Structures are given as structure tokens and as C-alpha cells.
Amino acid sequence: MIIVDYRTDKLGYIRSYLSPIVHPIIKLVDTPSQISQWVSSLLQSSSDILEENIAIKRDSTLLRAKLLKYEALEKENTRLRAVLASSFELGEQFIVASLINVNLDPNSHRIIADKGSRFNLFKGQAVINTKGIIGQITRVLPFSSEVMLITDLNHAIPIEINRTGLRTIAVGTGVFNQLTLPYLPRNTDIKPGDLLTTSGLGGRYPKGYPVATISTLSTSPGQAFIEARAQTAVQTEHIHELLMVWSDKQPIPLIPVLEQQPTKASINQTETATEPE
Amino acid sequence: MNTPIHGTFIISLSFIISMAVSIIPVPDTVAIIMPSWTLLTLMYWCVALPQKISTGTGWLVGFLFDVLTGNLLGLHALIFATGAYLSHRSYSQIRNFPAWQQAAILFVFLLFAQIASLWLKQTNGQFEINILSLTPAITGALSWPILFTVLRLTRRRYHVH
């Protein structure tokens with residue numbers, strides 16, 4: 001049975017049938033932290049809330065103003081990509097889930113989110129928050145899903161060094177909030193503080209989200225590669241909300257069919273048109 | 001009151017609580033040395049009610065534990081069944097021992113279970129194994145007298161036979 005589960009995915013349905021039985025236990029363990037959150041929200045004074053509200057409104061105005069520019073840029077970028085005939089991520093959709101506070105196994109970095117297959121989450125889906133990449137979904141159950149953090153020893157993420165555009169792979173270390181970059185040649189242009197973003201290669205993670213910043217570099221003589229460590233953008237202990245990403249990867253039409261922003265229908269058309277190639 | 005159903009309820013409740021305790025969020029350093037509460041509870045019931053709880057129950061509980069923690073299905077089932085078998089086999093001896101001697105025997109069982117579990121988990125994904133990985137056996141043996149007392153009081157209080 002262990003071997004079957006290890007080699008195949010066949011036992012997944014047993015797991016999803018049985019998970020509602022044990023789900024109450026997870027909920028039960030999560031309750032104290034929920035209650036404490038609820039109580040602390042009750043105890044917040046109204047002046048604090050007012051202040052927070054003002055700050056949020058200000059932020060929202062600023063972000064909206066920035067977004068205006070971003071939209072124009074995105075359109076321009078899409079047009080340019082279309083000229084170059086390369087595909088471009090049209091946009092991403094998110095669903096918000098929150099973390100269930102349980103500790104499954106001290107040897108692996110996995111967390112549980114409170115949304116599952118009922119929200120059409122799928123295995124391999126990228127999970128981010130407002131700071132950057134958190135990890136990917138490794139298992140979807142009806143009421144919950146399991147997210148493997150990028151710092152898990154069995155996890156590797158394709159990244160790009162933001163400053164130079166160099167692409168490489170960051171591997172989890174099994175230590176919280178730390179990644180290692182094992183495949184950097186000695187002459188790589190890299191220095192502490194460099195931002196690492198997702199490169200979008202591999203298709204799991206959407207391109208351009210921050211992953212980590214380089215913290216230490218050590219070159220020991222005789223070693224072919226630089227030993228680089230990076231601090232993840234997301235601090236694991238501060239995760240409360242998770243965003244599950246659907247990225248919509250569709251090829252841009254070679255010639256802009258319409259003068260306006262290409263609509264979904266026109267994209268589908270060109271897609272079917274180019275398929276025989 | 002229907003005694004068999006009542007007893008089963010108490011036993012399942014103890015298993016549920018032990019599972020809940022095993023997944024309580026604690027700092028990582030504590031999590032590494034936490035004993036397997038569910039296995040200890042299972043071993044207690046094997047010693048206390050050998051006619052009721054044995055290898056089959058162990059397997060079932062382990063299976064649910066696997067579903068709960070998202071481990072390979074059957075991993076804990078195998079380990080819990082083995083642990084249940086070991087303690088079920090020697091329940092008449094364990095019962096007559098003083099607490100520290102029980103803890104010593106349980107330590108051997110737990111060590112065996114821990115090594116087996118680490119070895120099986122290693123097949124699923126790599127992680128670091130060091131001497132600290134074996135501490136759950138020690139802490140498990142140390143917490144055995146407490147757990148034993150608590151569960152015995154519960155058993156006597158609710159007349160579980």
C-alpha cells in the first residue's frame with residue numbers, strides 16, 4: 001500500500017473520502033488561534049480602527065493611481081510582445097485562502113490552507129501572498145489543501161536574478177525562510193541584496209514575482225560553484241492569508257487583429273488558426 | 001448505558017485528542033522532540049484492554065493519522081500496527097512492571113517505531129536525519145508514566161472495559 005501511494009496517485013480518492021473524517025481534528029486544533037484573532041479584533045479600539053481605515057484608504061488611492069499607469073504599461077507590453085510573436089501571461093486570477101494553524105510534520109515544510117477542491121484548486125498551483133511566492137499546492141482535499149513551501153528540502157523553483165536577468169534554480173534548505181542557489185558558476189555576477197524573482201520557466205509559477213533576496217555568498221577555493229544563500233521574501237511565521245494563482249497563459253495573436261485590446265474571442269480564433277502549424 | 005459503545009466512544013475520543021495534540025502548532029525545535037502521542041495512547045489501550053484493542057485497531061488509527069498528516073498512506077498504519085502488536089504481545093508482562101520499567105520497555109518499542117518511520121519517510125522525500133530525530137523515543141518513554149496515569153484514571157472513571 002505504501003508503495004502504491006508512493007508510486008502512483010491511485011489512492012488519492014481514498015484520501016479525499018477519509019479527509020472529511022479527520023478534518024474536524026484539524027479545525028479543532030485551529031480553533032484557539034481563530035478565537036485569539038477574533039478576541040484581538042474585538043479588543044481593537046475604535047480610534048485604532050479609524051486610523052487604520054484612513055491608512056488603508058490612502059494606500060488604496062495610491063495603489064489605484066499606480067495601477068492606472070500599470071495598465072497602460074501592460075497594454076504596451078502586450079503590443080510589443082505581439083510584435084515579437086512571443087507568448088505573454090495575460091493576467092492572473094486569485095482566490096484568497098487562509099492558513100490553518102497546524103503543524104503536520106516537523107521534517108517537512110508544509111502548511112494547510114482552508115480551501116480545497118471545492119474551490120477548483122489544483123495540484124501544482126502557485127501560492128503567493130502580498131510579499132511574494134510562498135509555495136505550491138501539493139495535495140488538494142475537499143475542504144483543505146496542502147501547500148509545500150519553497151523552503152522544503154524537496155522543492156526547487158526556477159528563478160531569475162532581477163538585476164542581471166540570469167536564470168537559475170533556487171532549492172529549499174529545510175531551514176525556514178532560507179533558500180540555496182546551488183548552480184551558480186564562479187564567474188556569476190551576483191552580490192548580496194540581489195532580488196530573485198520567478199522566471200516563469202517550468203510553467204508552475206507565474207513570472208515576475210519576488211522570491212527571495214541573496215543574503216550570503218561564499219566562494220571556497222576548489223569549488224566549482226558559488227555557495228549562495230537567500231532569504232525568502234515571505235516570512236513564514238507571518239503568513240496568514242494565501243493567494244492561489246490561476247495564470248492565464250495564452251499566445252498573443254501574431255498580428256493585432258483588432259486595433260483595440262485583443263479580446264478573448266479573437267485570441268481563441270487565432271489559436272485555432274495557428275494550431276495546425 | 002450501553003457499555004461497549006460507551007467504551008468505544010471513550011477510546012476513540014482519546015485517539016482524537018491525541019491526534020489533535022500531535023498537530024498543535026508548536027515551535028519547530030519543540031516539534032522535533034515531541035513524542036508520538038497517538039502511538040503512546042494506542043500502546044496504553046493495547047496494554048489495558050488487550051481483548052479489545054490490538055493490531056487491527058492500530059492499523060486503522062495509523063491509517064487515519066496518515067490521512068490527517070498527509071503522509072504516505074499506510075506509513076503510520078504499518079508503524080502503529082507494529083507498535084500495537086509489540087505491546088499487545090507483552091501486555092501481561094508490561095502490566096506487572098513498575099512504571100520506570102514499563103517506560104524502559106516502551107522506549108525500545110518507540111525507538112524501533114521511530115527508526116522505522118524515519119526510514120520509511122526517507123523514501124518519500126529527503127530530509128536531515130540526526131541524533132535529534134530519535135529524541136521522540138526518549139520523550140515518549142519519559143511521558144509514558146504521566147500518560148499512563150491519566151488514561152488509567154479516565155478508564156476507571158468511565159468504566160471502560
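Just so you know, these numbers come straight off a predicted model, no measurement behind them.

Secondary structure summary: chain A contains four helices and twelve strands in total. Counting across all 277 residues of chain A, residues that qualify as buried make up 37%. Long-range pairs, those at least 24 residues apart, make up 57% of the contacts in chain A between residues at least 6 apart in sequence. As displayed, chain A offers around 16300 Å² of accessible surface, 58% of which is attributable to carbon and sulfur atoms.

Averaged over all residues, the pLDDT of chain B is 84; the fraction at 70 or higher stands at 94%. The least confident element of chain B, judged by mean pLDDT, is helix α2 (residues 28-33) of chain B at 77; the most confident is helix α3 (residues 37-48) of chain B at 90.

Counting residues in hydrophobic clusters, the biggest one holds 51 residues, and the most contacted among them are V102 of chain A together with I23, W45 and W144 of chain B. Breaking this core down by element, the ones donating at least two residues are α2 (12-43) of chain A together with α1 (3-22), α3, α4 (55-69), α5 (75-89), α7 (99-124) and α8 (135-157) of chain B. Both of domain 1 (2-61) and domain 2 (93-255) of chain A provide at least three residues apiece to this core. For I23 of chain B, the contacting residues outside a window of four places in its chain are I25, I26, V29, V102, N103 and L104 of chain A together with L68 and T69 of chain B. Counting 23 residues, the second-largest nonpolar core is a separate cluster that includes L196, Y205, A212 and L243 of chain A.

On to the pattern of salt bridges, then. All names here are of chain A. The final tally for this structure, using the stated rule, is seven salt bridges over all chains. For R139, the salt bridge identified is with E146, shortest N-O distance 3.2 Å. One salt-bridge network, held together by shared partners, links R110, R139 and E146.

Here we take up the pairing of strand β6 (residues 156-161) of chain A. All names here are of chain A. Judged from the five bridges that link them, β6 and strand β7 (residues 167-172) form a sheet pairing that is antiparallel. The residue bridging E160 from the neighbouring strand is R167, located in β7. Counting the residues between successive antiparallel strands, the hairpin from β6 to β7 contains five residues, one of them, G165, with a positive phi of roughly 80°. With three bridges joining them, β6 and strand β9 (residues 195-198) adopt antiparallel strand pairing. The residue of β9 that forms the bridge with E160 is T197.

Geometry of an aromatic ring pair is reported as the spacing of the ring centres plus the angle between the planes. Residues and elements named next belong to chain B. Taken as a whole and assessed by the stated rule, the structure comprises five aromatic pairs over all chains. Relative to F80, the ring of F65 lies with its centre 5.5 Å away and its plane at 35°, an arrangement referred to as tilted. In this pair, F65 is assigned in helix α4 and F80 in helix α5, connecting sequence segments 15 residues apart. In this pair, the class of F65 matches that of F80, namely buried.

Reading around the barrel, the six strands line up as β6-β7-β8-β11-β10-β9 (chain A) and close back on themselves, with antiparallel pairing between neighbours. Across the sheet, the axes of successive neighbouring strands diverge by a mean angle of 40°, strand direction being ignored.

Attention shifts here to the interface of chain B and chain A. Counting residues at the interface gives 34 residues for chain B, matched by 27 residues for chain A. A buried area of about 2700 Å², summed over both sides, lies between chain B and chain A, and 67% of it is on carbon and sulfur atoms. Scanning the region where chain B abuts chain A turns up one residue pair in polar contact (both at pLDDT 80 or more). Secondary structure elements with two or more residues in the side of chain B that touches chain A: α1, α2, α4, α5 and α7 of chain B. At seven residues, α4 of chain B tops the list of elements feeding residues into the side of chain B that touches chain A.

A word on the domain arrangement of chain A. Residues and elements named next belong to chain A. As far as domains go, chain A holds domain 1 (2-61) and domain 2 (93-255). Centre-to-centre, using C-alpha coordinates, domain 1 lies 20 Å away from domain 2. Taken residue by residue, the interface counts twelve residues in domain 1 and ten residues in domain 2. Note on domain 1 versus domain 2: buried area summed over both sides is about 960 Å², and carbon and sulfur give 65% of it. Summed over the three residues of domain 1 that lose the most area to domain 2, namely R15, H23 and I26, the buried surface amounts to 41% of that side.

Before going further, it helps to examine α3 of chain B. Residues and elements named next belong to chain B. Given a rise of 1.5 Å per residue, twelve residues ought to cover 16 Å, and the 16 Å separating the end C-alpha atoms of α3 matches this to within 8%. Within α3, eleven of the twelve residues are buried, which leaves the element mostly enclosed by the surrounding structure. Within the sequence span of α3, burial applies to T38, L39, L40, T41, L42, M43, Y44, W45, C46, V47 and A48.

Calculation rules
Residues numbered from 1 in each chain as written. Chains lettered and ligands numbered in written order. Predicted model: local features only at pLDDT ≥ 70, side-chain atom pairs only at ≥ 80, totals over all residues. Heavy atoms only, no water. Helix = DSSP H or I, 4+ residues; strand = E, 2+ residues; numbered from the N terminus. Buried < 20%, exposed > 50% of the residue type's maximum accessible area, 1.4 Å probe, protein only. Contact = heavy atoms within 4.5 Å. Areas by Shrake-Rupley, 256 points an atom, 1.4 Å probe, with all protein chains shown as cover. pLDDT = per-residue confidence, 0-100. Core = buried A, V, L, I, M, F, W, Y, C linked by side-chain atoms within 4.5 Å. Domains from an automatic or database assignment. Salt bridge = Lys/Arg side-chain N within 4 Å of Asp/Glu carboxyl O. Pairing = 2+ DSSP bridges. Phe/Tyr/Trp six-rings, centres within 6.5 Å; stacked < 30°, edge-to-face > 60°. Axes fitted to C-alpha atoms, helices over the stretch in contact; angles between N-to-C directions. Buried area = accessible area lost by both parts, 1.4 Å probe. Polar contact = N/O pair within 3.5 Å; in protein donor to acceptor, adjacent residues only side chain to side chain. Expected span 1.5 Å × (residues − 1).

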